[in-house]
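Summary of the model geometry
In case you want the letters, here they are:
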Amino acid sequence: GGIIMYESFGINEATTRAICKFTVLWNYFESHIYGKECNPKKIFSGHRVSNLYVTENCKYLIANVKSTVLEYARGAHVLDRLIPKNRIGELNGNRRDIVMTFFQSENTTVDANTFIAIEYVLYRIRCNLFHGTKSPYFLNDQIYLFNAINEYLDYMVTYFEPYQD
């Protein structure tokens, strides 16, 4: 109870809760893990992953986010929208290759590029949710994506040391 449902838009309660949880987790993640502002420059610096202890649970969450993003994408056009070629300065140099390699590779090794790739895509999903074209009718189809992201973010804010300059 207590949560407003958006039934007139066709958004069910589980989806509403997942998006609300994502909003809160992302806010905390961005504030405490990325020093109040998460942006591509900070993500691609790779600074925050140096002292992260990667557990088996962490590896599972990474694999879950990867497979869920790929399932949601179901085709190159969605992955290209999450990892656009036209983001001037955002994906210059080898940045786009880092992200695309992670999502297109069968490799399960966890390294700094793993976190860079995942967190860049999460950043793009956040940007699309808050700034992109609004299509609430399609949000129910994305609940598994939000649930996987929420598990990852929850792990990160629980087990990773906050940002320090």
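Residues numbered from 1 in each chain as written. Predicted model: local features only at pLDDT ≥ 70, side-chain atom pairs only at ≥ 80, totals over all residues. Heavy atoms only, no water.

Thoughts on the overall build of the protein chain
Looking only at helices and strands, the protein chain features seven helices and zero strands. Listing the helices and strands of the protein chain from first to last along the sequence gives α-α-α-α-α-α-α. Pairs at least 24 apart in sequence give 73% of the contacts found in the protein chain among residues at least 6 apart. As displayed, the protein chain offers around 9,400 Å² of accessible surface, 51% of which is attributable to carbon and sulfur atoms. (Helix = DSSP H or I, 4+ residues; strand = E, 2+ residues; numbered from the N terminus. Contact = heavy atoms within 4.5 Å. Areas by Shrake-Rupley, 256 points an atom, 1.4 Å probe, with all protein chains shown as cover.)

A short note on the packing of helix α3 (residues 56-73) against helix α6 (residues 112-131)
Remark: α3 packs on α6, axes separated minimally by 11 Å, with the N-to-C direction vectors making an angle of 50°. Of the possible angle classes, the one that applies to α3 and α6 is oblique. When the axes of α3 and α6 are compared, the crossing they make is left-handed. In this structure, α3 contributes C58, I62, V65 and V69 to the contact, and α6 contributes T114, F115, I118, V121 and L122. (Axes fitted to C-alpha atoms, helices over the stretch in contact; angles between N-to-C directions. Parallel < 35°, antiparallel > 145°, perpendicular 65-115°, else oblique. Left-handed = near helix turned anticlockwise from the far one by under 90°.)

Some remarks on unusual backbone geometry
What you tend to see is this: most non-glycine residues have negative phi, and most peptide bonds are trans. Positive phi, close to 80°, is recorded for K36, a residue that is not glycine. Relative to the helices and strands, K36 resides in the loop between α1 (13-33) and α2 (40-45). When its relative accessible area of 68% is taken as the criterion, K36 is described as exposed. (Buried < 20%, exposed > 50% of the residue type's maximum accessible area, 1.4 Å probe, protein only.)

Brief notes about the pattern of salt bridges
Side chains that differ in charge, positive against negative, can pair when their charged atoms come close. All told, the structure shown has two salt bridges when counted by the stated rule. Among the salt bridges present, the one from R17 reaches E13, with a minimum N-O distance of 2.9 Å. Pair noted here: R17 and E13 are both in helix α1, with a separation of four residues, about one helical turn. Judged by its relative accessible area of 36%, R17 is partly exposed. Residue E56 pairs with K59 through a salt bridge whose shortest N-O separation is 3.5 Å. With a gap of three residues between them, E56 and K59 both fall in helix α3, about one helical turn apart. (Salt bridge = Lys/Arg side-chain N within 4 Å of Asp/Glu carboxyl O.)

Keep in mind that these numbers describe shape and distance, not what the molecule does.
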